[in-house]
Amino acid sequence: MNSGTEGMLAGRGLVKKFGSVAALAGVDIDIPAGQALAIMGPSGSGKSTLLHCLSGILAPTSGTVALGHRWISELSDAKRSQVRLHEFGFVFQDGQLIPELPARENVAIPLMLCGTGRRQALEVADQWLARLGLGSEGQRRPGEMSGGQAQRVAIARALAVDPAVIFADEPTGALDQATGHEVMQLLTVTARRTGSTLVVVTHDPQVAAWCDRLVEIRDGRIHADSAEVSSVGAGEAR
Ligand code: ADP
Ligand code: MG
């Protein structure tokens, strides 16, 4: 399990163009296994695009992405999907749960897609829901839950496959601040416990403070990186 966790996630020279817009204008980043990384920056600065390129949802226009020794960006679409499914977990702003299915089935789906039998997948789903404080909510549908509960279901779903990396794009953006903090604390604490790398896009400085490292994106580039303290502020000086 967690076979990719020795592996660092690395982006090299990442450029992503949408027509004439360079959403990413050359990003180099190393994310060591197990690190919790917060990505901040103004709206439209390229945060989601970076997350999508690192996670193989988007192919970069140029540049490469590696997980451990594997060059994800060089894989075929089908193989990249397999990496996404088996080794990455995703939490988006609005959860993106399947509204028709009970919480436990939502959590079980990625496991079943990875080949786990239905009964066992549902057992694992129940365990994760219990760990996230939703032990008695497994039969409810997302629409019957509060936003915070639904987001915890999304976190359970992301964690159930024991991913090497969890990608979260403004996971608390649709929640009130107190609920958002509760959800984020659960996410960071749980990722630490399982040893998963966490890459989280957030507008909330408190959320960033719970992470090990903060990278700030501006105009498709890394503007500041707390891992390279000497470079913070160097952008202004130049
Ligand atoms: P952020 O997540 O920081 O708000 P994004 O990564 O979503 O920023 O977007 C960065 C830039 O790329 C923006 O100018 C946005 O309009 C553009 N962009 C993002 N996705 C697309 C797309 N699918 N098609 C065209 N332009 C896009
Ligand atoms: Mg975004």
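Cut-offs used in this document
- Residues numbered from 1 in each chain as written.
- Chains lettered and ligands numbered in written order.
- Predicted model: local features only at pLDDT ≥ 70, side-chain atom pairs only at ≥ 80, totals over all residues.
- Heavy atoms only, no water.
- Axes fitted to C-alpha atoms, helices over the stretch in contact; angles between N-to-C directions.
- Helix = DSSP H or I, 4+ residues; strand = E, 2+ residues; numbered from the N terminus.
- Parallel < 35°, antiparallel > 145°, perpendicular 65-115°, else oblique.
- Left-handed = near helix turned anticlockwise from the far one by under 90°.
- Contact = heavy atoms within 4.5 Å.
- Nonpolar A, V, L, I, M, F, W, Y, C, P; charged D, E, K, R; others polar.
- Core = buried A, V, L, I, M, F, W, Y, C linked by side-chain atoms within 4.5 Å.
- Buried < 20%, exposed > 50% of the residue type's maximum accessible area, 1.4 Å probe, protein only.
- pLDDT = per-residue confidence, 0-100.
- Salt bridge = Lys/Arg side-chain N within 4 Å of Asp/Glu carboxyl O.
- Arc of directions from axis to C-beta.
- Pairing = 2+ DSSP bridges.

Draft legend 1. Focus on the packing of helix α5 (residues 147-160) against helix α6 (residues 177-194). α6 packs onto α5 with a crossing angle of 15° between their chain directions and a minimal axis gap of 10 Å. Classed by the angle they form, the pair α5 and α6 counts as roughly parallel. Remark: the crossing between α5 and α6 carries right-handed chirality. Between α5, through Gly148, Gln151, Arg152, Ile155 and Leu159, and α6, the contact on the second element is made entirely by Thr179, Val183, Leu186, Leu187, Thr190 and Thr194. In terms of residue class, the contact of α5 with α6 is made up of five nonpolar, five polar and one charged.

Draft legend 2. Up close: the nonpolar core. The biggest cluster of nonpolar side chains holds 39 residues, and the ones touching the most others in it are Val153 and Ile166. For this core, the elements supplying multiple residues, two or more each, are β3 (36-40), α3 (103-113), α4 (118-131), α5, β7 (165-169), α6, β8 (197-201) and α7 (205-209). The dominant element in this core, judged by the number of residues it contributes, is α5, at eight residues. If near-sequence neighbours (up to four positions away) are discounted, Val153 is found in contact with Leu97, Ala103, Asn106, Val107, Leu129, Leu134 and Met145. Core analysis: the next-biggest nonpolar cluster, separate from the first, contains 26 residues, Ile31, Leu37, Val65 and Leu67 among them.

Draft legend 3. Seen up close, the confidence of the model for the protein chain. Summary statistics for the protein chain give a mean pLDDT of 89 and a share of 93% for residues scoring 70 or more. Within the protein chain, strand β9 (residues 213-218) carries the highest mean pLDDT (98), whereas helix α8 (residues 234-237) carries the lowest (42). Confidence drops under pLDDT 50 across residues 1-5; counting only partners more than four residues distant or on other chains, this segment forms twelve contacts. Predicted confidence is poor over residues 230-238, with pLDDT under 50, and the contacts of this stretch with residues over four places away or in other chains come to four contacts.

Draft legend 4. Region of the structure containing the pattern of salt bridges. Overall, the coordinates contain nine salt bridges when judged by the stated rule. Across the pair Asp126 and Arg104 runs a salt bridge whose closest N-O atoms are separated by 2.8 Å. Residue Asp126 is found in helix α4, and its partner Arg104 is found in helix α3; the two are separated by 22 residues along the sequence. For Asp126, a relative accessible area of 30% corresponds to the partly exposed category.

Draft legend 5. Spotlight on helix α2 (residues 77-87). Within the span of α2, buried status applies to Arg80, Val83 and Glu87. Mapping the buried residues of α2 onto a view down its axis gives an arc of 65°, with all of them on the same face. Residues of α2 that are exposed and point more than 90 degrees away from the buried face comprise Asp77 and Ala78. As for α2, its buried residues are in contact with β4 (62-67), β5 (70-71), β6 (88-91) and β7.

Draft legend 6. Spotlight on the pairing of strand β1 (residues 9-18). Strand direction decides the pairing type here: β1 and strand β2 (residues 21-31), joined by eight bridges, are antiparallel. Residue pairing for β2: Lys17 is matched across the bridge by Ala22. Relative to β4, β1 is paired through five bridges, and the arrangement is antiparallel. When the bridges of β4 are listed, Leu9 appears paired with Leu67.

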